[in-house]
2 protein chains.
Amino acid sequence: ISLAGGLPDSRLLPADEYAECVAAVLKREGGAALQYRPMYEPLRAWVADYMRARGVDCTPEQVFITNGNQQGLSILSRLFIEPGQPAVTEAFTFTGVGQVTVGRGAQVIGVPVDYETGVDLSALEEALRQKPRMAVIIPSYQNPLGVTIPAAHRQQIAALAARYHVPLVEDDPYSALSFDGQTPPPIKAYDEAGWVFYLGSFSKMLAPGLRLGWMVAPSALSSRLITLRESFDLETSALTQRSVFEFLDRGLLPPHLARLNAANAERCAAMLGALEEHFTGLATWTRPTGGLFVWMEMNDPSVDAFAALDRAIEQERVAFVPGGAFSVTGGHQHTIRLNFSAVEPDTIREGVARLKRILLG
Amino acid sequence: ISLAGGLPDSRLLPADEYAECVAAVLKREGGAALQYRPMYEPLRAWVADYMRARGVDCTPEQVFITNGNQQGLSILSRLFIEPGQPAVTEAFTFTGVGQVTVGRGAQVIGVPVDYETGVDLSALEEALRQKPRMAVIIPSYQNPLGVTIPAAHRQQIAALAARYHVPLVEDDPYSALSFDGQTPPPIKAYDEAGWVFYLGSFSKMLAPGLRLGWMVAPSALSSRLITLRESFDLETSALTQRSVFEFLDRGLLPPHLARLNAANAERCAAMLGALEEHFTGLATWTRPTGGLFVWMEMNDPSVDAFAALDRAIEQERVAFVPGGAFSVTGGHQHTIRLNFSAVEPDTIREGVARLKRILLG
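Counting restarts for each chain, with residues numbered from 1 along the sequence as it is written. Lettering for chains starts from A, numbering for ligands starts from 1, and both go in the order in which the items are written. Since the coordinates come from a predicted model, pLDDT governs what is reported: local features require at least 70, and pairs of side-chain atoms require 80 or more to be given and counted, while whole-chain, interface and lining totals use all residues. To obtain the side-chain values, all non-hydrogen atoms of the structure were included, while hydrogens and water were left out.

Visitor: What is the right way to read the overall build of chain A from this model?
Guide: A count of helices and strands for chain A gives twelve helices and 13 strands. Here the radius of gyration uses the C-alpha set of atoms, whereas the globule reference equals 2.2 Å times the residue count to the power 0.38. Against the globule reference of 21 Å for 361 residues, chain A gives a C-alpha radius of gyration of 20 Å, in line with a compact fold. Across its three principal axes, chain A shows a C-alpha extent of roughly 60 × 50 × 35 Å. Note on contacts: a residue pair is in contact if any heavy atoms of the two residues lie within 4.5 Å. In chain A, 74% of the contacts between residues at least 6 apart in sequence involve partners at least 24 apart. Computed with the Shrake-Rupley method and a 1.4 Å probe, the accessible areas treat only the protein chains shown as cover for residues. About 12900 Å² of surface is accessible on chain A, with carbon and sulfur atoms providing 51% of the total. Strands here mean DSSP runs of E at least two residues long; helices mean DSSP runs of H or I at least four residues long; both are numbered from the N terminus.

Set out below in structure tokens:
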């Protein structure tokens, strides 16, 4: 039983519909869809509309197509960070953020995070005062915490980035994975001064194996972004851009998201119920309203999730990720990231029961 | 009339066959083909077989899947080059090579190139003596020159890399585009000491818009390569890897290459014939036996191809790339790169006739 991944359930990915979209594109455009091509304008326009519907005032010219958010992070870290310079991230963050900050030689300042409202605003301000070259925040259904920053805080975060002149990278792959449709507007929606760089992705909302995402950035930077991107890998697949646009243009995204989020909501509820049953009084955990992850912190700080993992796999055949793996300062060995999207509710319940035997056996 | 591109003719790309391959993969594997996945082992095994058939002794474990050769170049330049260090390239080279050498802050040493046998061996040895961090050579149907390095020279190049302990990047996207099937073995085939990093690509042999290529590197480096690659953009599309393998496994590559190369050979012959007709005594040019490009050098060094380009587009509606754009030292404004793969023979003949009016009118 794997509660370790960060994957959607493969059985919920729209394979048949996507196959029809690829076929339609290749039939209509022929070899031209397999050629070197500039960014696909209808896709940029679709993304601009989508972002405007979420409250972000942007034009298609500001939409820059990527191979997913890791590429966006990598491009921006090359644009902003030189080795030895400070960068800001959440105290617990996706390992790929570490690869473009620590991995780029930055001195990383980790900002403490509240389990209900996300990044601590006064700690963030303190960190931004140190003139970091870049800050990365995952605002919705955060990886690894599952926490969502409320709208009022987002507005303040945008204002802080502007006040301290720090490029703020909003890494937002999970926002479409809302159980109740109540994801707050992006931080970018409150960005009047242009310090927020928004990263969106089709990986979680459509399919990871397509490798497609976007950045919303000031148009003034677009030639620098294109040059930098070309040096990475020239461009994003013309066929993928067209096929995904076909999927979107056929209106297939809303029903896909409805199916996916209904399943994820059920699985998340199963996990929260099982935690309630087995860990009440022994741990605290986050209560996500979307996304893929629940975060658990054991009340007993001597519990070592790293040590428990080997036993869990061998003795109980259940896997998870020790939360310390996401900590920018190390430690926190008594925390755990649990994924609820990849397996069915009964399996989740069984997995959590086994987890208790391992952690508190 | 564009003789400027570096593209195959879109009408020659196998759109229908590829559509069938995508459909077959999605039908067989369903959503699993749209998931995050490690490198696709059957594709690595196919590439290893293909490389072995070309004389390179390698295992699937040495094959590292990329999004095309620009990504391979970018990964290797990050592995080997720090700003300010020397790097070696051919004196005329693909602009993407500049992006990962000059663009990485390297001090570039350009090695002179012979129009019949490619990179000059004694100049290369002189350059390698300066302990560059990396050297990049395009061995077959070179971009921009169209020149192919003979087998005996390749063997010596591999030996020089080993003698001077310089990582040699063999950027080889064009080798399958042979008119006569006589492309020499890769430099990597002569690499006994493990200093050659081979980059191969499906962009020119199958379709650019798929963004798929590979690297053959020592297995000892594979964990470093994977970490570095993950920091770029996690991984290559699972669907693309499977669909291209399906195309290969169905035996569709040889007939596609036969069609493509027959058309390209006819177009190249048309271009060489037209150059003979219009430029004899006025210029010298290379005589490619494959690939996409012919290189022309005017006898009169005062001809300025950069200045001529604007006139050519406005007055004669013909485009080309001034050769100086590929020179690592600038200058060479009396040279021109001509592409013969994108348009039909009659159009090529007309284009060359117009070119003469512009350059010598």
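Visitor: So what exactly am I meant to see when it comes to the relation of the copies chain A and chain B here?
Guide: Note: a rotation about an axis with an accompanying shift along it relates these two copies of the chain. Structural alignment of chain A on chain B gives an RMSD of 0.0 Å, achieved by rotating through 180 degrees and translating 0.0 Å along the axis. Such a combination of turn and shift is consistent with a two-fold rotation axis. Of the interface residues in chain A, 100% have counterparts in chain B that sit at the interface too, so the contact is made through matching surfaces. Copy-to-copy alignment: least squares on C-alpha atoms, limited to residues at pLDDT 70 or above in both.

Visitor: Explain helix α9 (residues 238-249) of chain B here, please?
Guide: Since one α-helical turn is 3.6 residues long, residues separated by three or four positions face the same way. Given the number of residues in a helix, its expected span is that number minus one, multiplied by 1.5 Å. Taking 1.5 Å per residue, twelve residues should reach 16 Å; α9(B) reaches 16 Å between its end C-alpha atoms and fits that length. Counting buried positions along α9(B) gives eleven out of twelve residues, so the element sits mostly inside the fold. Residues of α9(B) that are buried sit in contact with α1 (15-29) of chain A together with α1 (15-29), α2 (41-53), β1 (63-66), α7 (202-205) and α10 (253-279) of chain B. Only protein chains enter the accessibility calculation, which uses a 1.4 Å probe; a residue whose area is less than 20% of its type maximum is buried, one above 50% is exposed, and one in between is partly exposed.

Visitor: Would you explain the sheet that holds strand β6 (residues 135-137) of chain A in this entry?
Guide: The strands that make up a sheet are held in pairs by hydrogen bonds between backbone atoms, and each pair lies either parallel or antiparallel. Residues and elements named next belong to chain A. When DSSP finds two or more bridges between a pair of strands, those strands are recorded as paired. Read from one edge of the open sheet, seven strands run β1-β9-β8-β7-β6-β2-β3, paired in mixed fashion. Unpaired on one side and paired on the other, β1 (63-66) and β3 (107-111) mark the two borders of the sheet. Pairwise comparison of adjacent strand axes, ignoring direction, gives a mean angle of 20 degrees for this sheet. Pairing between strand β8 (residues 196-201) and strand β9 (residues 213-216): four bridges, direction antiparallel. Paired with S201 across the bridge in β9 is G213. The angle between two axes is taken between their N-to-C directions and runs from 0 to 180 degrees, where each axis is a line fitted to C-alpha atoms and a helix contributes only its stretch in contact.

Visitor: Quick question: what am I supposed to make of the packing of helix α2 (residues 41-53) of chain A against helix α9 (residues 238-249) of chain A here?
Guide: Axes are the key here: two packed helices are described by the angle between their axes and the distance separating the axes. Residues and elements named next belong to chain A. Their axes nearest at 9 Å, the elements α2 and α9 cross at an angle of 45 degrees. One way to sum up the angle between α2 and α9 is to call them oblique. Handedness of the crossing formed by α2 with α9: left-handed. Residue-level contacts link P42, L43 and W46 of α2 to Q241, F245 and L248 of α9. An angle below 35 degrees is treated as roughly parallel, one above 145 as roughly antiparallel, one from 65 to 115 as roughly perpendicular, and anything else as oblique. Helix crossings get a hand from a simple test, with the near helix turned counterclockwise from the far one by less than a right angle marking a left-handed crossing and a clockwise turn marking a right-handed one.

Visitor: What is the right way to read the interface of chain A and chain B from this model?
Guide: A common way to report how large an interface is uses the accessible area buried once the components associate. With 43 residues of chain A at the interface, the matching set in chain B holds 43 residues. Salt bridges are counted wherever a side-chain nitrogen of Lys or Arg sits within 4 Å of a carboxyl oxygen of Asp or Glu. The interface formed by chain A and chain B includes zero salt bridges. Any pair of N or O atoms that falls within 3.5 Å is considered a polar contact. Within protein, one atom must be able to donate a hydrogen and the other to accept it, and sequence-neighbouring residues count only if both atoms are side-chain atoms. Linking chain A with chain B are 22 residue pairs in polar contact (both at pLDDT 80 or more). Within the residue set of the side of chain A that touches chain B, elements represented by two or more residues are α1, α3 (69-80), α4 (95-101), α7 (202-205), α8 (222-233) and α9 of chain A. As a working rule, the residues Ala, Val, Leu, Ile, Met, Phe, Trp, Tyr, Cys and Pro are called nonpolar, Asp, Glu, Lys and Arg charged, and the rest polar, with Gly in that last group. The residue makeup of the side of chain A that touches chain B, split by class, is 20 nonpolar, 16 polar and seven charged.

Visitor: Please explain the environment of L177(B) as it appears in this structure.
Guide: Of note, L177(B) is situated in the loop between β7 (168-171) and β8 (196-201). Ignoring sequence-local partners within four residues, the contact set of L177(B) consists of Y141(B), K204(B), M205(B), L257(B), L260(B), N261(B), T289(B), G290(B), G291(B) and L292(B).

Visitor: Looking at this structure, how should I read the sheet that holds strand β11 (residues 293-298) of chain A?
Guide: Residues and elements named next belong to chain A. Ordered in space as β10-β11-β13-β12, the four strands form an open sheet in which the pairing is antiparallel. Of all strands in the sheet, those bounded by a partner on one side alone are β10 (283-285) and β12 (321-322). Summarising the sheet, β10 and β11 pair through three bridges and their orientation is antiparallel. When the bridges of β11 are listed, W285 appears paired with M296.

Visitor: Could you clarify how one ought to interpret the packing of aromatic side chains in this entry?
Guide: The relative placement of two aromatic rings is captured by the distance of their centres and the angle of their planes. Stacked, edge-to-face and tilted labels apply to pairs of Phe, Tyr and Trp rings (six-membered ring for Trp) whose centres lie within 6.5 Å, assigned for plane angles under 30 degrees, over 60, and everything in between, in that order. A full pass over the atoms with the stated rule returns 19 aromatic pairs over all chains. Members of the aromatic cluster, joined through ring pairs, are W46(A), Y50(A), F202(A) and W214(A).

Visitor: Looking at this structure, how should I read the confidence of the model for chain A?
Guide: Any region with low pLDDT has predicted coordinates that should not be read closely. On average, residues of chain A carry a pLDDT of 96, and 100% of them reach 70 or more. Two numbers describe this predicted complex: its pTM, 0.96, and its ipTM, 0.96. Values of pLDDT, the confidence the predictor places in each residue, fall between 0 and 100.

Visitor: Can you walk me through the pairing of β3(A) in this structure?
Guide: The two faces of the sheet receive side chains in turn, since in a regular strand these alternate between them. Residues and elements named next belong to chain A. In this sheet, β3 lies alongside strand β2 (residues 86-90) in parallel orientation, the contact comprising five bridges. If you follow E90 over to β3, its bridge partner there is V111. In terms of handedness, the path from β2 via α4 over to β3 forms a crossover that is right-handed. For crossovers, right-handed means that the path from the first strand over the helix to the second runs clockwise, given strands pointing away from the viewer.

Visitor: What exactly am I supposed to notice about the pattern of salt bridges here?
Guide: When charged atoms on two side chains of opposite charge get close, those side chains can pair. All names here are of chain A. Across all of its chains, the model carries 42 salt bridges over all chains by this definition. Of the charged contacts, one joins R357 and E316 as a salt bridge, the two residues approaching to 2.9 Å between their closest N and O atoms. Taken as a pair, R357 in helix α12 (residues 345-360) and E316 in helix α11 (residues 305-316) lie far apart in primary sequence, 41 residues in all. Note on R357: relative accessible area 45%, which makes it partly exposed. Via salt bridges that share partners, D9, R11, R267 and E344 belong to a single interconnected network.

Visitor: Which parts of the structure should I look at to understand helix α5 (residues 121-128) of chain B?
Guide: Burial in α5(B) covers these residues: L121(B), L124(B), E125(B), A127(B) and L128(B). End-on, the buried residues of α5(B) take up no more than an arc of 160 degrees, which puts them together on one face. Picture the helix axis, draw a direction to every C-beta atom, and the arc is the one those directions span.

Visitor: What should I look at first to understand the nonpolar core in this one?
Guide: As a rule of thumb, nonpolar side chains are buried together in soluble globular proteins. In this description, a nonpolar core means a group of buried Ala, Val, Leu, Ile, Met, Phe, Trp, Tyr and Cys residues linked to one another through side-chain atoms lying within 4.5 Å. Counting residues in hydrophobic clusters, the biggest one holds 136 residues, and the most contacted among them are L76(A), F202(A), W214(A), L76(B), F202(B) and W214(B). Excluding anything up to four places from it in sequence, F202(A) contacts L43(A), W46(A), V47(A), A207(A), L212(A), G213(A), W214(A), V244(A) and L248(A).

Visitor: What is the right way to read the environment of P301(A) from this model?
Guide: Residues and elements named next belong to chain A. Within the secondary structure layout, P301 lies in the loop between β11 and α11. Distance from P301 to H332, taken between C-alpha atoms, is 8.0 Å for residues 31 residues apart in sequence. If sequence neighbours within four positions are ignored, P301 has contacts with Q333 and H334.

Visitor: Quick question: what am I supposed to make of the pairing of β9(A) here?
Guide: Residues and elements named next belong to chain A. Here β9 shows two buried faces, one formed by G213 and M215 and the other by W214 and V216. The pairing of β1 with β9 spans four bridges and is classified as antiparallel. Bridged to F64 within β9 is M215.

Visitor: Please explain unusual backbone geometry as it appears in this structure.
Guide: What is expected of a backbone is that most residues other than glycine have negative phi and most peptide bonds are trans. Residues and elements named next belong to chain A. Put simply, N143 and P144 share a cis peptide bond, and its omega is 15 degrees. As for its placement among the helices and strands, P144 is situated in the loop between β6 and α6 (151-164). Even without a glycine there, the phi angle at K131 is positive, about 55 degrees. Position of K131 relative to the elements: it lies in the loop between α5 (121-128) and β6. Under the relative-accessibility criterion, K131 is labelled exposed at 55%. Positive phi values are uncommon outside glycine, yet R317 reaches one of about 50 degrees. Within the fold, R317 resides in the loop between α11 and β12.

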